[in-house]
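Structure at a glance
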Amino acid sequence: MKRVAFVTGADRGLGFYLVRFLLENKYTVFAGRYLPEVEALEVLKAQYQDTLMLVPLDIGSAESVKEAARSIAGSTGHIDIIINNAGIIHQADNATMLVDMDDEAMAQLYNVNTLGALRVSNALMGLLLQGKQRLIINISSEAGSISRNKRINMYGYCMSKAALNMQSSLMHNHLRKLGGQVMVFHPGWLQSYMSGEKNMEAPIPPEESAYKIMNIVQDHKKYLGEEPVYIDLDGNLWPW
């Protein structure tokens, strides 16, 4: 049976390189595409015509997620890995004083970073349970670790990632009884496009992070236990 994966936020950055790794390792990949004007996936599609499927997807929209799930179900009877990579930050979230709080910005962060991943995992759960690996990978952040928090701002982003971590624990409790698991990754400080433009101040290229994540995922069964793992690029387990 062919191995099948689904990746959100696949247009560029970490998501794109996660897709490329999976293709190079003989997976059939459904790539959630939010930015049709970005051409990187089209170039990759020309190279992997039979194993890369591009799926329009806005994880902030319940209807978009449902439509993507219907499209995927029309092409495959199972999924082995779901990678919830898509996420956003918001400039208004940088305020350090609560009096400057932007409710709408924080709600948008939660809708995408937390509920978006839950929408995707829930919509594709039936296909995931038909796969062999039954693995969900959630891309979180050190910002979601309560025990390591030293920040005084980014309330919306940090809380959205902490909530994603709790979601991961709940999902893992469910999947573990069905032979599956959830892994949560801190991908490092990436040269990403989350703010709209590529952040070149960050030290880690997205391709480096993607390949380290997926090399750890190759041995995912050794991390299977009662608790989901919250792990960094060096294989270190993080406190929640």
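Residues numbered from 1 in each chain as written. Predicted model: local features only at pLDDT ≥ 70, side-chain atom pairs only at ≥ 80, totals over all residues. Heavy atoms only, no water.

**Side note on the pattern of salt bridges**
For the structure on display, the rule yields six salt bridges. For Glu24, the salt bridge identified is with Arg20, shortest N-O distance 3.7 Å. With Glu24 and Arg20 both in helix H1 (residues 13-24) and four residues apart, the pair spans about one turn of that helix. Residue classification places Glu24 among the partly exposed residues on the basis of a relative accessible area of 37%. A salt bridge links Arg70 to Glu67, with the nearest nitrogen and oxygen atoms 2.9 Å apart. A residue pair is termed a helical-turn pair when its members lie 3 or 4 positions apart in one helix, as Arg70 and Glu67 do in helix H3 (residues 62-73) at three residues. Since its relative accessible area comes to 46%, Arg70 is described here as partly exposed. Members of the salt-bridge network, linked through shared partners, are Glu63, Glu67 and Arg70. (Salt bridge = Lys/Arg side-chain N within 4 Å of Asp/Glu carboxyl O. Helix = DSSP H or I, 4+ residues; strand = E, 2+ residues; numbered from the N terminus. Buried < 20%, exposed > 50% of the residue type's maximum accessible area, 1.4 Å probe, protein only.)

**Focus on unusual backbone geometry**
In terms of backbone geometry, most residues other than glycine have negative phi values and most peptide bonds are trans. In this model, Lys26 sits at a positive phi of 70°, which is unusual for a non-glycine residue. With respect to the secondary-structure elements, Lys26 resides in the loop between H1 and strand E2 (28-33). Backbone geometry at Arg134 places phi at a positive 50°, although glycine is not the residue there. Checked against the element boundaries, Arg134 lands in the loop between helix H5 (125-128) and strand E5 (135-139).

**What about H1?**
Counted at 1.5 Å a residue, the expected span for H1 with its twelve residues is 16 Å, and the 17 Å between its end C-alpha atoms agrees. Burial in H1 covers these residues: Gly13, Leu14, Gly15, Phe16, Tyr17, Leu18, Val19, Phe21, Leu22 and Leu23. Directly after H1, the chain includes Lys26, whose backbone phi takes a positive value near 70°. (Expected span 1.5 Å × (residues − 1).)

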